[in-house]
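Topology and contacts: notes
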2 protein chains.
Amino acid sequence: MLNETHRTDLTSWVESAQLPGTDFPIQNLPFGVFQRESGGPAAVGVAIGDHIADLAGLWREGLLDDLATELTAEQMGAESLIDAANQPTLNRLMGLDPSLLTKLRRHLSIAFRADTAVAGRNAGVARRVLVPMSTATMRVPAEIGDYTDFYASVHHATNVGSMFRPDNPLLPNYKHVPIGYHGRASSIVPSGTAIHRPTGQTKAPDAAMPSVGPSKMLDYECELGAFIGRGNLMGSPVPLKEADRHLFGLALVNDWSARDIQAWEYQPLGPFLAKNFATTVSPWVVTLEALAPFRRQPEPHADGDPALLPYLDDPADRQTGAFDITLEVLLRTQQMRDGGLEAVKLSRASTTALYWTLGQMLAHHTMNGCNLRPGDLIASGTVSGPTPDARGCLLELTWRGRDPITLPTGETRRFLEPGDEVTIRGRATRDGFAALGFGLCTGVVG
Amino acid sequence: MLNETHRTDLTSWVESAQLPGTDFPIQNLPFGVFQRESGGPAAVGVAIGDHIADLAGLWREGLLDDLATELTAEQMGAESLIDAANQPTLNRLMGLDPSLLTKLRRHLSIAFRADTAVAGRNAGVARRVLVPMSTATMRVPAEIGDYTDFYASVHHATNVGSMFRPDNPLLPNYKHVPIGYHGRASSIVPSGTAIHRPTGQTKAPDAAMPSVGPSKMLDYECELGAFIGRGNLMGSPVPLKEADRHLFGLALVNDWSARDIQAWEYQPLGPFLAKNFATTVSPWVVTLEALAPFRRQPEPHADGDPALLPYLDDPADRQTGAFDITLEVLLRTQQMRDGGLEAVKLSRASTTALYWTLGQMLAHHTMNGCNLRPGDLIASGTVSGPTPDARGCLLELTWRGRDPITLPTGETRRFLEPGDEVTIRGRATRDGFAALGFGLCTGVVG
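The structure reproduced in this document is the subject of the present report. (Residues numbered from 1 in each chain as written. Chains lettered and ligands numbered in written order. Predicted model: local features only at pLDDT ≥ 70, side-chain atom pairs only at ≥ 80, totals over all residues. Heavy atoms only, no water.)

1. Focus on the interface of chain B and chain A
Selection rule: Note on contacts: a residue pair qualifies if any of its non-hydrogen atoms lie within 4.5 Å across the two residues. The salt bridge criterion pairs a side-chain nitrogen of Lys or Arg with a carboxyl oxygen of Asp or Glu, the two atoms within 4 Å. Think of a polar contact as two N or O atoms within 3.5 Å of one another; within protein, one of them needs to be a possible hydrogen donor and the other a possible acceptor, and neighboring residues in sequence only count if both atoms come from side chains. Helix and strand assignments follow DSSP, with helices taken as H or I runs no shorter than four residues and strands as E runs no shorter than two, numbered in order from the N terminus. Residue polarity is assigned by list, with Asp, Glu, Lys and Arg as charged and Ala, Val, Leu, Ile, Met, Phe, Trp, Tyr, Cys and Pro as nonpolar; anything else, Gly included, falls into the polar class.
With 60 residues of chain B in contact, the opposing surface of chain A contributes 60 residues. Counting every contact that joins chain B to chain A gives four salt bridges. With its nearest N and O atoms 3.7 Å apart, the salt bridge here joins R184 of chain B to D146 of chain A. On the surface where chain B and chain A come into contact, there are 24 residue pairs in polar contact (both at pLDDT 80 or more). When residues of the side of chain B that touches chain A are traced back to their parent elements, those giving at least two are β6 (147-150), β7 (180-183), β9 (199-202), α8 (259-265) and α11 (358-366) of chain B. For the side of chain B that touches chain A, the leading source of residues is β7 of chain B, giving four residues. Each residue belonging to the side of chain B that touches chain A can be placed in one class, and the counts come to 31 nonpolar, 22 polar and seven charged.

Structural data, given as structure tokens:
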């Protein structure tokens, strides 16, 4: 549903919000949790240009007074919004009714607009609560109760399947079941956190016994993440047509993976130590409302693919269940940094190529009555497109190391080497609309 | 390490602590979280006989004054213990240094002993903070950040493997890797919570397409659970010889499972909706220190089993890594309740029959640097022994429904039917020591 906040001609008195290529124009207004350079408690922030607005500060300085008045008139009260702004995580905000969040977004947009009668006053007042991004540290945006990782890219599943199970690449359940599994919440870290190389058991096919040592096949996985908004009660599935109302917003996820550990451990209960040593999330959560212009039809399933089961089929989801978000993966090695070279792009893929929509993942996740809580994270699994340059992990790009990548320095990569910096970035684009970004999801591996 | 608190001849002025068969003699003193009948906040409690002592109340009423004096003399201060007692979960208590918890246990034991000079005074004062169990509601004892389920019974793995993969029952990794996977934290419920029957996708081998409906193969899994005490930092593995110092205590776990959903969904990423609809935990966490008399040698691996990798091998673990805890599963159907019949025992198994010790599970879990947090739950997986009457789930007991069980009412069971009540109970026993119990882990299925 498009509204005033999506208008392409809106500009902000925060000048950097108009810079070409910014991730955070006034049409975005994503939420995150930051800490000031000077220390102090974690605070809820809104990204605008290259600044962060302290949400509790905006309330304190009166920039959301009109919202309070509007809510009072509607006999709603602003207390829950103010309470949610005064938390060290986004969980409370995420758990609010979507209609309240819509009102908040509208008034945030008004507060930052350059073309209102009070824009000058707002700019003066708001400077007191604006923090330059370069001086802030971003945190994991929510206390993540549970983290679920799906396997929604059929291109990824087919590629990986053909390496691990050459005779049986895509399992019989794949096109019926949005396959997912539980990941680890404790080891989710914010962008910029150094990633240690995991030690684990591995076994070469021709070895008699497994051995223990640092992973030699450390990989990244480029994924789209979704934070749960309102939860559901245990025993109460969320139907697909209501799924959007339980999704707060999207972020980028790198589900670091140790392929050699994974190959030896994953049967019969799935990946465990190959994944739970670290998962990186981008700092900003772009709301579903901000992404409304970028909803589109998922890429149609192939002829001969099975019909959707009724609980995974909904006319609106078929029309607008996908998000046109392009994900890119960049690699910069220690040698490249030493030589002043820029990162190289390893891949580029659109999330419209996923076999399952986020709505279908959520409907599936809850069909058995499993309860989701505000701030829970679900992720898509590696986003790979149909072409070789759209493969979202090194396992696929180098075909399990068979085809190494050559970098501008002359270095080659089968998997990640110490000092390698991996960055995921995402952009939502559509003709006639301001492009939105997510900030970076980055980490250097040891 | 045995000490004064384990003495068999100790008795308490709480008379029910001396009743034969009590789970909670003065040698036990497990921790839990309870709510009074009158409502009010959740509080940390200690079980003694058929009563719960409010831990914060014990401090308030002065029954732990000697502990405070002792800590002051050692320049430690009692603040962290008092703070941990005033929480709605056990997480803070679990995160304390084990030496502090040892001191707390010693003084709790003294406070409840019948043979001290001040026993009469203690009894008088403590009555103000004792709550009859029959009037209290027990909660999940900790806020569980992550829940990990292992697969540590080789008997269970072999039985199940031979049903799901007749040609390949025990996978090649089983005797090298303590196989585990992440379960769902949000759907962990306290004993007594009604369990709804999950709906899911299933596919009969001869069906062309999967179908959706309530599970027809609803099962329980009888497991031993362990709550993490002190956590470890990301990137810092816990060596096996230190594992005990990171385990706070043990409880009973029923990891309800829908076998028909599991069979269709579990490849390649493991069980998901077949498990995450509900997991029941018993209310009391029996500390590792209370269980010290019941440590014993794990059952030796079979001749021809592979040698342990060094990180899974430790002399102390080989000697005392197991716990002699007997787990029993009881079933009572609606018809049995209507007819006033007692529950029937379905199985009985000792946790010494596990292939991996809890210490080995913890060392494996952290070998890659995965961080555990106080209050995290790890569970053993279904505890089955080598004999048919020691099988810890219906899948094994009825051999996937092939051999139904006949009940005293004439009813038969392949899997659970609506109204069935499943109860797990556990007892730690050893000649010359007071037996300890865990309370019940129970649930009625819909």
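2. Re the packing of aromatic side chains
What counts is decided by this rule: Two rings from Phe, Tyr or Trp (for Trp, the six-membered ring) form a pair when their centres sit within 6.5 Å of each other. Planes less than 30 degrees apart are called stacked, planes more than 60 degrees apart edge-to-face, and all others tilted. The rule is simple: take the accessible area with a 1.4 Å probe, protein chains only, and divide by the maximum for that residue type; under 20% is buried, over 50% is exposed, in between is partly exposed.
Using the criterion set out here, one finds 14 aromatic pairs over all chains in the structure. Aromatic side chains W13 of chain B and F112 of chain B sit 5.6 Å apart centroid to centroid with 35° between the ring planes, which places their arrangement in the tilted category. Residue W13 of chain B is found in the segment before β1 (31-36), and its partner F112 of chain B is found in helix α5 (residues 98-112); the two are separated by 99 residues along the sequence. For the residue pair W13 of chain B and F112 of chain B, the accessibility class agrees, reading buried in each case. Each residue in the set Y151, Y174, Y355 and W356 of chain A is aromatic and connected to the rest through ring pairs, giving one cluster.

3. A word on the sheet that holds strand β5 (residues 137-138) of chain A
Residue and element names in this part refer to chain A. Rules: Strand pairing is assigned whenever DSSP identifies at least 2 bridges connecting the two strands.
Within the open sheet, the five strands sit side by side as β4-β3-β2-β1-β5. Their pairing is antiparallel. Each end of this open sheet is capped by a strand with a single partner; those strands are β4 (130-132) and β5. Bridging between strand β1 (residues 31-36) and strand β2 (residues 39-48) involves five bridges; their strand directions are antiparallel. Residue pairing in the sheet places V33 in a bridge with V44 of β2.

4. Some remarks on the relation of the copies chain B and chain A
Rules: Superposing copies: least-squares fit, C-alpha atoms only, residues required to have pLDDT of at least 70 in both.
With an RMSD of 0.0 Å, chain B superimposes on chain A once it is rotated by 180° and translated 0.0 Å along the axis. Accordingly, the operation relating the two chain copies is best matched by a two-fold axis. Judged by C-alpha distance, G270 of chain B is the residue of chain B that lies nearest the rotation axis, at 2.1 Å. The residues that chain B uses at the interface reappear at the interface of chain A in 100% of cases, marking a shared surface.

5. Description of the side chain of T326 of chain B
Tracing the sequence through the fold places T326 of chain B in strand β19 (residues 325-332). Beyond its immediate sequence surroundings of up to four residues, T326 of chain B is in contact with R348, A349, S350, R425, G426 and R427 of chain B.

6. Remarks on the pattern of salt bridges
Summed over all chains, the structure comprises 58 salt bridges over all chains. In this structure, K345 of chain A and E328 of chain A form a salt bridge, with 3.1 Å as the shortest nitrogen-oxygen distance. With K345 of chain A in strand β20 (residues 344-350) and E328 of chain A in strand β19 (residues 325-332), this residue pair connects regions lying 17 residues apart in the sequence. Residue classification places K345 of chain A among the partly exposed positions, given a relative accessible area of 45%. We note a salt bridge from K275 of chain B to D255 of chain B, for which the minimum N-O separation is 3.6 Å. Here K275 of chain B, found in the loop between α8 and β15 (279-281), pairs with D255 of chain B, found in the loop between β13 (247-254) and β14 (257-258); they are 20 residues apart in sequence, far enough to count as distant. By relative accessible area, K275 of chain B is classed as buried at 7%. Judged by its relative accessible area of 1%, D255 of chain B falls in the buried class. Each of E4, R7, D9, R113 and D115 of chain A takes part in one network of salt bridges that share partners.

7. Describing the packing of helix α2 (residues 65-73) of chain B against α5 of chain B
Residue and element names in this part refer to chain B. Convention followed: Every angle, taken between N-to-C directions, lies between 0 and 180 degrees, and every axis is a line fitted to C-alpha atoms, over only the stretch in contact when it is a helix. Each crossing gets its hand from how the near helix is turned against the far one by less than a right angle, where anticlockwise is left-handed and clockwise is right-handed.
At a closest axis distance of 9 Å, the pairing of α2 and α5 adopts a crossing angle of 145°. Between α2 and α5 lies a crossing of right-handed hand. Across from D66, L67, E70 and L71 in α2, the residues of α5 making contact are L100, K103, L104, R106 and H107. Among the residues making up the contact of α2 with α5, the classes are represented as four nonpolar, one polar and four charged.

8. A few points about the side chain of S384 of chain A
Relative to the helices and strands, S384 of chain A resides in the loop between β21 (377-382) and α12 (394-397). Those residues within four positions of S384 of chain A in sequence are excluded, and the remaining contacts are S153, H155, H156, A349, A353, A390, R391, G392 and E396 of chain A.

9. Focus on the sheet that holds strand β3 (residues 51-54) of chain B
In spatial order, the strands read β4-β3-β2-β1-β5 (chain B); together these five strands make up an open sheet with antiparallel pairing. Across the chains shown, the open sheet's two edge strands, defined by having one partner strand only, are β4 (130-132) and β5 (137-138) of chain B.

10. Comments concerning unusual backbone geometry
As a rule of thumb, non-glycine residues mostly have phi less than zero, and peptide bonds are mostly trans rather than cis. All names here are of chain A. Residue P268 follows Q267 across a cis peptide bond; omega there is 5°. Of note, P268 is situated in the loop between α8 (259-265) and β15 (279-281). Of note, Q75 is a non-glycine position whose phi angle comes to about 55°, a positive value. Phi is positive for W399, close to 45°, though the residue is something other than glycine. Tracing the backbone shows W399 in the loop between α12 and β22 (405-406). For W399, a relative accessible area of 22% puts it in the partly exposed group.

11. Concerning the pairing of strand β2 (residues 39-48) of chain B
Residues and elements named next belong to chain B. With seven of ten residues buried, β2 lies mostly within the body of the structure. In terms of strand pairing, β2 meets β3 through four bridges, oriented antiparallel. Bridging across to β3, A47 finds its partner in I52. The turn linking β2 back onto β3 is made up of two residues, and G49 within it adopts a positive phi angle of 60°.

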